[in-house]
Structures are given as C-alpha cells and as structure tokens.
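Here are the chains, one letter per residue:
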Amino acid sequence: MPSASVVAPALQGAQQAIEIRPLAGNVGAEVIGLDLNLPISDQDFARIHRAHLDYHVVVFRGLHITPQQQIDFSRRFGVLQIHVLKQFLLANHPEILIVSNIIENGQSIGLGDAGKFWHSDLSYKELPSLGSMLYAQELPAEGGDTLFADMHKAYDGLPEALRKAIDGRKASHSYTARYSETKFEGNWRPTLTPEQLAQVQVVDHPIVRTHPETGRKALFVSEGFTTNIVGLPVDESQQILTELYAHSVRPENIHRHQWQDGDMVFWDNRSLIHLAAGCPSHMRRKLFRTTIQGDAPF
Ligand code: SIN
C-alpha cells in the first residue's frame, strides 16, 4: 500500500457497483461504473489499487470529471509531482501537465511529444513516478494510441548473457537525454532555463528494480531517459542498452491502448515503459496528466 503519510485522506462513500474487467494479454484492466463525482469508499479504492498492481494499466471508462477531481483522485495514491515544463501546466492546477499537439496563437498549449520515445515517467528524478493518470480531453479521429511494455515480463525473459551483463549495475537517467530530438511535425519544446536544468540533474538507478509493493523484479531502463550504464566503457554500455531496449519492446510484451472519449488511463511506471504512437499533426489531441511520486528504486 502507499505509505499513510503521502495518501490524501479518503472521503468516505458508499461502495459503488464497479466492475474490473481484465483485458487480453495480462496487461490492462477496465474499470466500469466508477463515478468519481462521488466519494470513493476504502473498499473500492482497495479494489482499484489491487487492479493497478495486478494489471499495471487500469482504464477508467466514461468519466466526466473536473481537473480538481482528477487531482483529488490521483492524490489518493500519493504525492503529486509537478512537471519541470511549467509552460505546459494547466492554469490554476499545476499538478496537471497538458499533453497536446494543439497550437494556438503560434504557441503549443501542451507538451506535444511527451511520449515520443519509450520511457517511464520521471525516471530522471531521485524519486521517479509511481504511476501516471492520463485523462482524454480531445482525441484525434486517427492514431493517438499509447503503447505500454511490460518490464516484469522483459526481466523474466532476459537471455542469460544479458542478465549477467547487467547484474548489480546501475544506469544513469537524464531528462535532457533526447530533449531536442523531435519526431512529430509541428512540436515545440522550450529551451530549459538554468532553474529548470537544476531540477533535472542526472541520477543513477538500478537497471533491475524491485517493485516496492509486489516484490516483482522489472527492467528499469528506457531509450527516452537512460544515457549509459555506470562504470562501463561507452561502446559496451551502448551495446547492452540497445539489446535491452529491443528486448523490452518485443511485440508480445506490448499492450496498445486505443483511446475512447471519457477514458482516463492509470499506469504503473514501476512496471511499464510507455510510448505515444503519434497522430497526424493536423488532428487535435489533448490529454491531462497527473503524475504520482514513487519510492527510490532498489
Ligand atoms: C506520456 O508519455 O505521458 C504521454 C503519453 C501519450 O501522449 O500517449
């Protein structure tokens, strides 16, 4: 369970008629019938929390909630992290990062390419994210899917030589690793100020982490934020990381989320990496993300 000190107090409510339906392939479950306009009882919260641990991606369907309700629900799971790109935080709700390709008056209204490389949110922090909640506001008619790769499965299926090569090792993570590379047309990334750069210093984390709530081991590297394996020559480090990335995102490891109106997706950054598949740049896509702080990886 999240530690008591970080969890917002629950407003007690009656139990709701929610149904948790696992999706095909062991990653992902839908939660049907949750009304976030009502207080969530401890029993319902415990079921959702359990589903999040078991399936790593929980999809709440058919929501109609305000930014404050998204924030309050997210806070049930822990402290919220404020993204370094202040330009893209929702006005009066800095806990929400706007993920969007929409340009208004020549300016991006959100981070257009938040997920263009596989990554685990905020792995570049000493305390990376426990999980993120992404709530659909405007969806494109084509594309815009989010892909998830199961890093427990990736760890369990590691070839012996690769497992030995990373045994006990750490890797460095940096927000700026691929900051200036753009994949989707029309994206805009602000130059980081010295204050922003100071918030995203390079950190080292174990390459294999243990999930603090389930005890399962998972690979914890990604092409988006991992720069090198600590203590190895550059070439060797790069070769091992390339193999780990390819191994992590084999098709049998992937769950693809195709967004529907009213979806809010809550994933576990300790168990998965994710990628935004992109959509045609003339189609509007906008989502609101809250990011919940996790523990120091071990
Ligand atoms: C993210 O990486 O948080 C955004 C994912 C998406 O836009 O689908």
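Nothing here was measured: the structure is a model prediction, and the numbers come from that model.

Draft legend 1. Looking closely at the site of the ligand. In the vicinity of the ligand, the contacting residues are V99, A114, G115, H119, D121, L134, T146, W267, H274, A276, R285 and R289. Within the contact set of the ligand, an oxygen atom lies 2.6 Å away from a side-chain nitrogen or oxygen of T146. In the model, an oxygen atom of the ligand is placed 2.8 Å from a nitrogen or oxygen of the R289 side chain. Summarising the interface, the protein chains cover 99% of the accessible area of the ligand, which totals 260 Å² for the free molecule. A breakdown of the residues in the shell around the ligand according to their chemical character gives 5 nonpolar, 4 polar and 3 charged.

Draft legend 2. Layout of the pattern of salt bridges. Under the criterion given, the structure shown has 15 salt bridges. Close ionic contact of R76 with D42 constitutes a salt bridge, the shortest N to O distance being 3.5 Å. With a gap of 34 residues between them, R76 in the loop between α2 (67-75) and β4 (89-90) and D42 in helix α1 (residues 42-55) connect regions that are remote in the sequence. Given the relative accessible area of 7%, R76 is considered buried. E104 is the salt-bridge partner of R284, the closest N and O atoms lying 4.0 Å from each other. Taken as a pair, R284 in the loop between β17 (272-276) and β18 (286-293) and E104 in strand β6 (residues 103-104) lie far apart in primary sequence, 180 residues in all. Residue class for E104 comes out partly exposed when judged on its relative accessible area of 40%.

Draft legend 3. Inspection of the packing of aromatic side chains at higher detail. Counted under the stated rule, the structure contains 9 aromatic pairs. Looking at R163, its charged tip hangs above the ring of Y155, at a distance of 4.7 Å from the centre. The ring of F220 carries R209 above its face, with NZ or CZ at 4.6 Å from the centroid.

Draft legend 4. Summary view of the sheet that holds strand β14 (residues 226-229). In spatial order, the strands read β11-β10-β14; together these 3 strands make up an open sheet with antiparallel pairing. This sheet does not close on itself; its edge strands, each paired only once, are β11 (203-206) and β14. Within the sheet, the average angular offset between the axes of one strand and its neighbour, ignoring direction, is 35°. As defined by bridge partners, strand β10 (residues 170-173) adjoins β14 across 3 bridges and the pair is classed as antiparallel. The residue of β14 that forms the bridge with A171 is I229.

Draft legend 5. Summary view of unusual backbone geometry. For N92, which is not glycine, the phi torsion reads 65° and is therefore positive. One can find N92 in the loop between β4 and β5 (93-100). Exposure remark for N92: the relative accessible area of 74% places this residue in the exposed category. Unlike most non-glycine residues, N105 shows phi in positive territory, near 50°. Inspection of the secondary structure assignment puts N105 in the loop between β6 and β7 (107-108).

Calculation criteria
- Residues numbered from 1 in each chain as written.
- Predicted model: local features only at pLDDT ≥ 70, side-chain atom pairs only at ≥ 80, totals over all residues.
- Heavy atoms only, no water.
- Near = heavy atom within 4 Å.
- Polar contact = N/O pair within 3.5 Å; in protein donor to acceptor, adjacent residues only side chain to side chain.
- Areas by Shrake-Rupley, 256 points an atom, 1.4 Å probe, with all protein chains shown as cover.
- Nonpolar A, V, L, I, M, F, W, Y, C, P; charged D, E, K, R; others polar.
- Salt bridge = Lys/Arg side-chain N within 4 Å of Asp/Glu carboxyl O.
- Helix = DSSP H or I, 4+ residues; strand = E, 2+ residues; numbered from the N terminus.
- Buried < 20%, exposed > 50% of the residue type's maximum accessible area, 1.4 Å probe, protein only.
- Phe/Tyr/Trp six-rings, centres within 6.5 Å; stacked < 30°, edge-to-face > 60°.
- Lys NZ or Arg CZ within 6 Å of the ring centre and 35° of its normal.
- Pairing = 2+ DSSP bridges.
- Axes fitted to C-alpha atoms, helices over the stretch in contact; angles between N-to-C directions.

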